[in-house]
Number of protein chains: 2
Amino acid sequence: MAAIVRRFRIDLGYDGTDFYGSQRQRGVRTVQEVVEDGLSRLSNGAVSLSFAGRTDRGVHAIGQVASVDLRWQRNAEALRYALDEKTPPDVSIVGVRPVGAGFHARFSASQREYHYRVWNAAVPPVLSRRFCWHVRADLDLTRLNDAAAALVGRKDFASLAGDGLGVPTSLADCTRRVTLAEWRALPEEWDRASSQFLEFRVRADRFLPHMVRTMVGNMVEVGHGIRTTEWFESMLAARDRRVAVAPAPPQGLVLWSVEYPEGAES
Amino acid sequence: MAAIVRRFRIDLGYDGTDFYGSQRQRGVRTVQEVVEDGLSRLSNGAVSLSFAGRTDRGVHAIGQVASVDLRWQRNAEALRYALDEKTPPDVSIVGVRPVGAGFHARFSASQREYHYRVWNAAVPPVLSRRFCWHVRADLDLTRLNDAAAALVGRKDFASLAGDGLGVPTSLADCTRRVTLAEWRALPEEWDRASSQFLEFRVRADRFLPHMVRTMVGNMVEVGHGIRTTEWFESMLAARDRRVAVAPAPPQGLVLWSVEYPEGAES
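Residues numbered from 1 in each chain as written. Chains lettered and ligands numbered in written order. Predicted model: local features only at pLDDT ≥ 70, side-chain atom pairs only at ≥ 80, totals over all residues.

### Remarks on the domain arrangement of chain A
All names here are of chain A. Split into domains, chain A comes out as domain 1 (5-108) and domain 2 (113-257). The distance between the C-alpha centroids of domain 1 and domain 2 comes to 27 Å. The interface of domain 1 with domain 2 comprises twelve residues on the first partner and nine residues on the second. Residues of the side of domain 1 that touches domain 2, tallied by class, amount to three nonpolar, seven polar and two charged. (Domains from an automatic or database assignment. Contact = placed C-beta atoms within 7 Å. Nonpolar A, V, L, I, M, F, W, Y, C, P; charged D, E, K, R; others polar.)

Structure below.
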């Protein structure tokens, strides 16, 4: 008996350290490749996965969402467990459920949230070194939040898009709606001195390539006192990638969660 | 001009995943080896390091302390920085300071604190997998703490010492004073579902080999409801390693801090 093809939503996380990003690329290890390989072995056929958010090489996710059409006869929890077994330990399959044919992980999503962690201390972190950017010079939380406030709203973010090599992005429309942009110090729970973690949380409808890391790289200049909030605002207003400084490194970034409008899965 | 030999206290941490424990062993990578090698290159001579706590293969530390006699002309912060540069990224040199000749990292210590983390959920953790034990079946925090309460006090811990292979320990005196033994759920800050972290904190004057991991392995039996607190108490009272179950795996354990009596460094 041939199983019918159904669409599934897969919630997953990964430690991005040893991946060349989420999207399949020839000759390198990617999240898409290892998850598609696991699904192919389980369903005896080719599968094609769509992710809610594209993450770069070295970027992590705890709340990534994928959609896929799959031949599978057993229930969704059996698929979750089997896929978790078939994928390597740096991928974690958090949930699987059947969804309607109208659901698409990327195009149905209404909001994405990313967190970026900076370890702000003279001494490097120990247990957390794979998940943060170590910044030695003192950062001022108030100054960071003054810059972050300038990011909130529906704006053209061309200054923060692209690869940071001084080449303007080729994206036609860089307008995005940012609904949250806030820094806080983490409570002292995880590492002995984890109050040295400064965490940036940002939520938007969609993000441009390198957008969160470029936000962070530029806010940190303000947090240091090297540049002012006024400079940050004028950099944004210029809508020109060449006026912004380099993006922050990838290992501090985590795709935290993705939201869908009510009824998207039916 | 030959620098005089001075004694230093070194505070350090390490991600134990890729180390065969703290103590030097022929042919394998150990914390002692990489730190001694770094110090030897900085001082142009052989050095011998003493650690406050011996940690097993795969066990982490954020508050390890070492003492060492060293030829070093510059100040202590220069030594910290240089040693941090000379050691691999999974070791972090947190602090260095000159101490008196009476200070010994191991023999001067009055208290050690370890933390052990259990990830209690059906689904594996993502960013934290190298630093916890994944236990799928539900654990009851009240039952865990009922068992933990039996550990507090000055007692003979022979039931919890040794390698867990049924061979009684050869240690002459297994009496230790435990001053804290407590489980709690971590606040939801680090991973998206980090309230699924159950953390055991234990403090004692000294610990026996495998003692914390064997405590945890046996308390988890009670937390599951497989065994009772009365069983746990009688297991302890038996002073016989053969009545206890196996130790918990190493990756959940972190040497958190070491305390010294006032004046120990002078």
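Once the structure has been displayed, the description carries forward.
### Points about the pairing of strand S10 (residues 253-259) of chain A
The two faces of a sheet get side chains in turn, since along a regular strand they alternate between them. Residues and elements named next belong to chain A. For S10, the buried fraction is high: six of the seven residues fall into the buried class. As paired elements, strand S3 (residues 60-71) and S10 share two bridges and run parallel to each other. Across the sheet, the residue bridging to Ala61 is Leu255, located in S10. Where strand S5 (residues 111-120) meets S10, six bridges bridge the pair, whose relative direction is antiparallel. If you follow Tyr116 over to S10, its bridge partner there is Leu253. (Buried ≥ 20, exposed ≤ 12 C-beta atoms within 10 Å, placed from the backbone. Helix = DSSP H or I, 4+ residues; strand = E, 2+ residues; numbered from the N terminus. Pairing = 2+ DSSP bridges.)

### Regarding helix H4 (residues 211-224) of chain B
One full turn of an α-helix is made of 3.6 residues, so residues set three or four places apart face in the same direction. Residue and element names in this part refer to chain B. The first and last C-alpha atoms of H4 sit 20 Å apart over 14 residues, in line with the 20 Å expected at 1.5 Å per residue. Burial analysis of H4 places twelve of its 14 residues in the buried class, which makes it a mostly covered element. Of the surrounding secondary structure, the elements contacted by the buried residues of H4 are strand S5 (111-120), strand S6 (133-135), helix H3 (141-149), strand S9 (197-204), helix H5 (229-237) and strand S10 (253-259). Gly225 sits one or two residues past H4 and shows a positive phi near 90°. (Expected span 1.5 Å × (residues − 1).)

### Details of the environment of Gly16 of chain B
Residues and elements named next belong to chain B. Tracing the backbone shows Gly16 in the loop between strand S1 (5-14) and helix H1 (31-43). Gly16 sits 73 residues away from Pro89 along the chain, and the two C-alpha atoms are 11 Å apart. Those residues within four positions of Gly16 in sequence are excluded, and the remaining contacts are Thr55, Gly58, Val59, His60 and Ala61.

### Here we look at the packing of H3 of chain B against H4 of chain B
Residues and elements named next belong to chain B. Across the interface, H3 lies against H4 with an axial gap of 8 Å and an inter-helix angle of 140°. What the angle tells us is that H3 and H4 run oblique. Crossing angle aside, the handedness with which H3 passes H4 is right-handed. Of the residues in H4, those in contact with Arg143, Leu144, Ala147 and Ala148 of H3 are Met219, Val222 and Gly223. The residue makeup of the contact of H3 with H4, split by class, is five nonpolar, one polar and one charged. (Axes fitted to C-alpha atoms, helices over the stretch in contact; angles between N-to-C directions. Parallel < 35°, antiparallel > 145°, perpendicular 65-115°, else oblique. Left-handed = near helix turned anticlockwise from the far one by under 90°.)

### Side note on the nonpolar core
In terms of nonpolar packing, the biggest core is built from 75 residues, with Ala66 and Val212 of chain A touching the most fellow members. The element that contributes the greatest number of residues to this core is helix H4 (residues 211-224) of chain A, accounting for seven residues. Ignoring anything within four residues of it in the chain, the contact list for Ala66 of chain A reads Ile10, Leu12, Val35, Leu49, Ser50, Phe51 and Ala105 of chain A. Core analysis: the second largest hydrophobic core is formed by 74 residues, Ala150, Leu236, Leu253 and Val254 of chain B among them. (Core = buried A, V, L, I, M, F, W, Y, C linked by C-beta atoms within 7 Å.)

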